[in-house]
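# Summary of the model geometry
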Amino acid sequence: MSDAAATPRVLVVDDVASMCEMLAERLPPLGFTVEWRTTAVDALAALAAAEFDAVVTDLNMRDMDGLELCRRVVAAHPDVPVVVITAFGNLEAAIAAIRAGAYDFLTKPFEMAVLALALERAVQHRRLRAEVKRLRLDAAKAGRLGDLIGTSAAMQEVASLVERVADTESSVLIYGETGTGKELVARALHERSRRRAGPFVAINCAAVPESLIENELFGHARGAFTDARAARTGLMVQANGGTLFLDEIGELPIVLQPKLLRVLQERKVRPLGGDDEVTLDIRVVAATNTDLETAVDEKRFRQDLYFRLNVITVALPPLRARGGDVLLLAQDFLERYAAKAGRAVTGISPEAARLLLAYPWPGNVRELQNCMERAVALARYDQVTPADLPAKIQDHRPSYVVLAADDPSELVSLEEMERRYIMRVMEAVAGNKTLAAQILKMGRKTLYRKLERYGGA
């Protein structure tokens, strides 16, 4: 493709030489370099020999008409958009052109400004598709994790760790804020393991009522309780030969934690009301959006179960720490929802991209996904603009910790600066004290004391 800063190269095709000469004279002042051919055969040869950013072709030509030329260009050069022009414009011709793969359709006579605008949009569309393709190739080279997309350093660290531990039998604990894609990491671990042919069974410990979660996990025998007219196989047994994913493990009731620990240690489970134990062959992957070490200190989570689950830790970064991944993900969601809705929304305007990058995404990837679904539904043009984004993203203003000032009256004590920075870190990690302590390079107990002193405990 031509360089983004270069003048777009347009190939004009019309069997009337005077028309070609007129466009070759009038398009360059509008920002285009023009070559022209008077037959479709010569045009195809020119496309094979050199790169063009767009093609403008007449509809009615001798030997091969514009529709057939359009089909051949789309087949051989799918990244080159075609604008079809004709003196006999009607709805049927326009529909036929679009079905042949044309990017746009214009009726003669037309204003040069209209043709220039169509070409600008066509070239922009081509370059956007090329950029998305480049980003995806970068993501593929960096090692895409199933449905997880990302080329940021933080995500590459996650990808590297997952690749190294996927084919082991060790338990994995995934840390990450809500909406970061913890289940996608768990599935990537399963799909890259020797258990990939087995089942992947997931349970959200926070979504199942406390009175039912024991039955969900362990199952029950017939007659174990009122209405237990038939035996029920628990999820742990259903996961035999595969992977059991315990999402939001921090929400598991404390009374059930000893039983889960015993099952994980013994690799045997006894259904409620049953006499016989079932041997388990499962790998356990757990996930949490809470600080389990703090939960252990506060006696809300058993330390022995924590150590049993936390053999390998995968820390999934929040979206605000993933830099340009925001735009890569946004474009992926945009294409997905545009295709589903049948809408011709192809990209994100620079102004909208700037807003997406500046927003902190407290809801992480899930919030971005919802945002792009909304944007596609509301988009009035072929690009998402700031007006298509939620008001909170349009109005967001980033907050910063001021570390210095020119006015001496604005300077603060070292203790106050430490307080501000610690609070800013706590805000950035959504209150996860273990992660905050790692960032601040201080012990957790030291952090707890400082938070108590600064009123942030």
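The paragraphs below set out a description of the structure included in this document.

Counting 32 residues, the largest nonpolar core has Met-236, Leu-246, Ile-249 and Phe-301 as the members making the most contacts within it. By residue number, the principal contributor to this core is helix H10 (residues 257-266), which donates four residues. Of all hydrophobic cores here, the second largest spans 28 residues; its members include Ile-149, Ala-353, Val-376 and Val-384.

Right, let's get into the packing of helix H2 (residues 40-49) against helix H3 (residues 66-76). Here H2 crosses H3 at 15 degrees, and the two axes come no closer than 10 Å. Compared by their axis directions, H2 and H3 come out roughly parallel. Here H2 runs over H3; the crossing is right-handed. Residues Ala-40, Leu-44 and Leu-47 of H2 form the contact with H3, whose participating residues are Leu-69, Arg-72 and Val-73. For the contact of H2 with H3, the per-class residue count stands at five nonpolar, no polar and one charged.

Our focus in this paragraph is the sheet that holds strand S2 (residues 33-37). Taken in spatial order, the five strands line up as S2-S1-S3-S4-S5 in an open sheet, and their pairing is parallel. Each of the sheet's edge strands pairs with one partner strand only, and the pair in question is S2 and strand S5 (104-107). Across the sheet, the mean angle separating the axes of adjacent strands is 20 degrees when strand polarity is ignored. When strand S1 (residues 9-13) meets S2, the two strands line up parallel, connected through five bridges. Counted as the bridge partner of Val-12 is Trp-36 from S2. Where H3 meets the sheet, it contacts S1, strand S3 (54-58) and strand S4 (82-86), and its direction lies at approximately 160 degrees from that of S3.

A word on the environment of Val-172. Mapping Val-172 onto the fold places it in strand S6 (residues 172-175). Classification of Val-172 as buried rests on a relative accessible area of 0%. When the C-alpha positions of Val-172 and Phe-245 are compared, they lie 9.6 Å apart, and in sequence the two are 73 residues distant. Those residues in contact with Val-172 that lie beyond four places of it in its chain are Leu-189, Arg-283, Val-284, Val-285, Ala-286, Leu-309, Ile-312 and Val-314.

Cut-off values and rules
- Residues numbered from 1 in each chain as written.
- Predicted model: local features only at pLDDT ≥ 70, side-chain atom pairs only at ≥ 80, totals over all residues.
- Heavy atoms only, no water.
- Core = buried A, V, L, I, M, F, W, Y, C linked by side-chain atoms within 4.5 Å.
- Buried < 20%, exposed > 50% of the residue type's maximum accessible area, 1.4 Å probe, protein only.
- Helix = DSSP H or I, 4+ residues; strand = E, 2+ residues; numbered from the N terminus.
- Axes fitted to C-alpha atoms, helices over the stretch in contact; angles between N-to-C directions.
- Parallel < 35°, antiparallel > 145°, perpendicular 65-115°, else oblique.
- Left-handed = near helix turned anticlockwise from the far one by under 90°.
- Contact = heavy atoms within 4.5 Å.
- Nonpolar A, V, L, I, M, F, W, Y, C, P; charged D, E, K, R; others polar.
- Pairing = 2+ DSSP bridges.

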